Structure formats: structure tokens, C-alpha cells
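Chains, contacts and geometry: an overview
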Amino acid sequence: MAKRKRQGIIAVTGASRGLGASSALELARRGFTVACLTRAGKGIEEVPVPKRLAPRIIAERCDVTDERSVARALAAAAQRGGGLAGVLNNAGYHIRGPSAELATEDFEAVQRTNVTGVFVVAREAYPLLLANGGGMIVNMGSFFDRLGVPQNLAYAASKAAVGAITRCLAVEWAAQGITVINVAPGYIETNLNREFLSRPAVREYLLPRIPVGRLGTPREVARLVAVLFEEKLHYMTGETIYMDGAQTIAH
Ligand code: NAD
């Protein structure tokens, strides 16, 4: 059963599929109204939205690399949902390949979505959150932010920047009642990596290195995200929370 209706709307970028779609559904299950900000403007596309949750899920067209589109989508979402209570900065873009051959434009394309996008969404959300008395920004980082990963320079650098943005905004906006948290998942099977993670050699290499013994699931990340919005623990702000089955701390 979906829980009681909550005040204000949570905007989720890149909610058409993957971790964004799972998080949007989990938030709706827990009683939040969720604005799915996606490039197609069609809301959650990967899975059917259960009928009972449909009234709590709205769709707005938004490309996080286009700041006018971000401003318009957030303002529209806030109006439709009785104010903006929070944002999940989830949209992300990943490329891999040898660093010696990485084109500048490809490097910049990753930063444009993963770094500039996160900053612009937070900046445009700020006045709307203030108007709502504060709120919560959850950024979707990655455990690659603290690893040296061959062929992943652009992505790892972008996620390290997300951690830095999280800390800076947390400090700057703490007095305004805005909490900023960076969720940094490990290997979670989604469209972003399904082909890569299905390769037998990759699984043979990876699974023994994850103490929990398996990949993570989108629902696990979604539950963590939802708890953060539910609990609103303002004293825990600026932190990066790793959820990687203990992979990066294993000795
Ligand atoms: P995904 O490719 O399934 O989803 C990414 C989403 O972002 C898609 O809906 C895509 O359309 C959207 N998107 C991309 N560019 C956009 C733009 N310019 N404007 C609006 N939306 C845009 O991948 P995912 O695994 O669900 O990734 C979601 C987030 O989680 C990303 O930030 C990713 O870096 C992060 N992450 C994923 C994993 C993992 O293992 N899957 C691990 C750590 C972090």
C-alpha cells in the first residue's frame, strides 16, 4: 500500500529508466509526488507504472545539458506539485575507452551531463527549495569517484566532481535548510552497463571482488534514496554514501 501523501514534489532527472525510474517508483510508493524529468517527457518508460501510483507520478520534458529546459521543468514541476521539496540529480552519461585516445569533445560531453548538469539542476532548484522552506538534494555519484579505473577517466573524474559539488553546496546552503547528499553506488545492473556486466570474463573478475557476492539492484539504491528523502537528516549533509557491497573497502 502506498503511504500517506507528503508535502511538495521530488524532481528526478533521467527517470525514464534504470536507477532514476526505480527511485521515482520507490518515492511514489512511499507517498511522495514525483516529477520525472526526462528528455522525451514521457515519464517512466522502462517499466509500467502501477495504477495506484500513477496519480503520484508526473512527467516533464527536461534535458539537463540545456539550462533553460532545466529551469522550465523544475518551475513547472513545483507548480504542479505544491512546491519543490527535493531533487534527485540522477541523469548520467558513461563512456569508456583508452585515455590516450579519448577525444576532448567526448571528455567534455561526459562532464556536460554529469557535472554541469548536476550543478545547473541544483542552482535552478535552489530558489524553489527556498520558497518551500528548504529541502533535500540527492546527487547520484559513483564509487568510481575514489578509484583509478582504466578506460573510465572521463566518468570517474565527473563523479569525483559530483562529490565536490555535494560538499560545496552542503556547506553553502546548510543555513537555508537545504541538505545535500551524494549517493555513490557500486555495480548495479542497468542499461548503463548491462552489456558490459553480462560478459563472462567481467563477471568472473568482478564477483569475487565484491564481499557481498553479487551486483547491487536498482531497488536497493532506490530504497536508500527514498530513505534519505523520508528522513531528512539535515545534520548529515555533504556526505558521500557508498553502496557497493563493500567492494572498495575490501582488503
Ligand atoms: P541508465 O543509462 O539506465 O540511466 C541514465 C538516465 O539518464 C537515462 O534515463 C538517460 O536517458 C538519462 N539522461 C542521460 N543524459 C540525459 C540528459 N542530458 N538529460 C536528461 N536525462 C539524461 O543508467 P543508470 O545506471 O540508471 O544511471 C543512473 C545514474 O546512476 C547515473 O548518474 C550513473 O552514473 C549512476 N550510477 C550508476 C551505476 C550503475 O552501476 N548502474 C553505478 C554508479 C552510479
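The sections below set out a description of the structure shown in this document. (Residues numbered from 1 in each chain as written. Predicted model: local features only at pLDDT ≥ 70, side-chain atom pairs only at ≥ 80, totals over all residues. Heavy atoms only, no water.)

The next point concerns the overall build of the protein chain. A count of helical and extended segments in the protein chain gives seven helices and seven strands. Taken along the three principal axes of its C-alpha coordinates, the protein chain extends 50 × 40 × 35 Å. Taking contacts inside the protein chain between residues at least 6 apart in sequence as the whole, the part at least 24 apart equals 73%. Carbon and sulfur atoms make up 54% of the accessible area of the protein chain, which amounts to about 12100 Å² in all. When the 30 basic and 22 acidic side-chain charges of the protein chain are each reduced to a single mean position, those positions are 9 Å apart. (Helix = DSSP H or I, 4+ residues; strand = E, 2+ residues; numbered from the N terminus. Contact = heavy atoms within 4.5 Å. Areas by Shrake-Rupley, 256 points an atom, 1.4 Å probe, with all protein chains shown as cover. Lys, Arg positive; Asp, Glu negative; His and termini not counted. Charge placed at Lys NZ, Arg CZ, Asp CG, Glu CD.)

This paragraph deals with the site of the ligand. Neighbouring the ligand are 27 residues, the closest being R17, L19, N90, Y155 and T190. The contact in question runs from an oxygen atom of the ligand to an N or O atom on the side chain of S16, over 2.9 Å. Between the ligand and the protein, one listed contact pairs an oxygen atom with a backbone N or O atom of G92 at 3.4 Å. When isolated, the ligand has an accessible area of 820 Å², and the protein chains bury 95% of it. (Near = heavy atom within 4 Å. Polar contact = N/O pair within 3.5 Å; in protein donor to acceptor, adjacent residues only side chain to side chain.)

Another point: helix α2 (residues 67-80). For α2, spanning 14 residues, the distance from its first C-alpha to its last is 20 Å, which sits close to the expected 20 Å at 1.5 Å a residue. Along α2, the residues classified as buried are S69, V70, A73, L74, A76, A77 and A78. Where α2 is buried, its residues contact β1 (9-13), β2 (33-38), β3 (57-61), β4 (84-89) and α3 (104-131). Residue D66 occupies the N-cap position of α2, its side-chain oxygen lying 3.1 Å from the main-chain nitrogen of R68. One or two positions beyond α2, positive phi appears at G82, with a value near 70 degrees. (Expected span 1.5 Å × (residues − 1). Buried < 20%, exposed > 50% of the residue type's maximum accessible area, 1.4 Å probe, protein only.)

Turning our attention to the pairing of β4. With six of six residues buried, β4 is to be regarded as a mostly interior element. As paired strands, β1 and β4 are joined by four bridges and run parallel to one another. From the neighbouring strand, I9 faces β4, where its bridge partner is L84. Here four bridges tie β4 to strand β5 (residues 135-140), and the two strands are oriented parallel to one another. Bridge pairing links V87 to I137 in β5. (Pairing = 2+ DSSP bridges.)

This part takes up the sheet that holds β4. Spatially, the seven strands line up as an open sheet ordered β3-β2-β1-β4-β5-β6-β7, and their pairing is parallel. Edge positions in the sheet fall to β3 and β7 (240-243), since each of these pairs with one other strand and no more. With strand direction ignored, the average angle separating the axes of adjacent strands in the sheet is 20 degrees. For β1 and β2, the ladder comprises five bridges, and the chain directions are parallel. (Axes fitted to C-alpha atoms, helices over the stretch in contact; angles between N-to-C directions.)

Negative phi characterises most residues that are not glycine, and trans characterises most peptide bonds. You will see that K232, though not glycine, has its phi angle at about 45 degrees, which is positive. Assignment of secondary structure puts K232 in the loop between α7 (218-231) and β7. Non-glycine residue A246 carries a positive phi angle of around 70 degrees. Among the secondary structure elements, A246 is positioned in the segment after β7.

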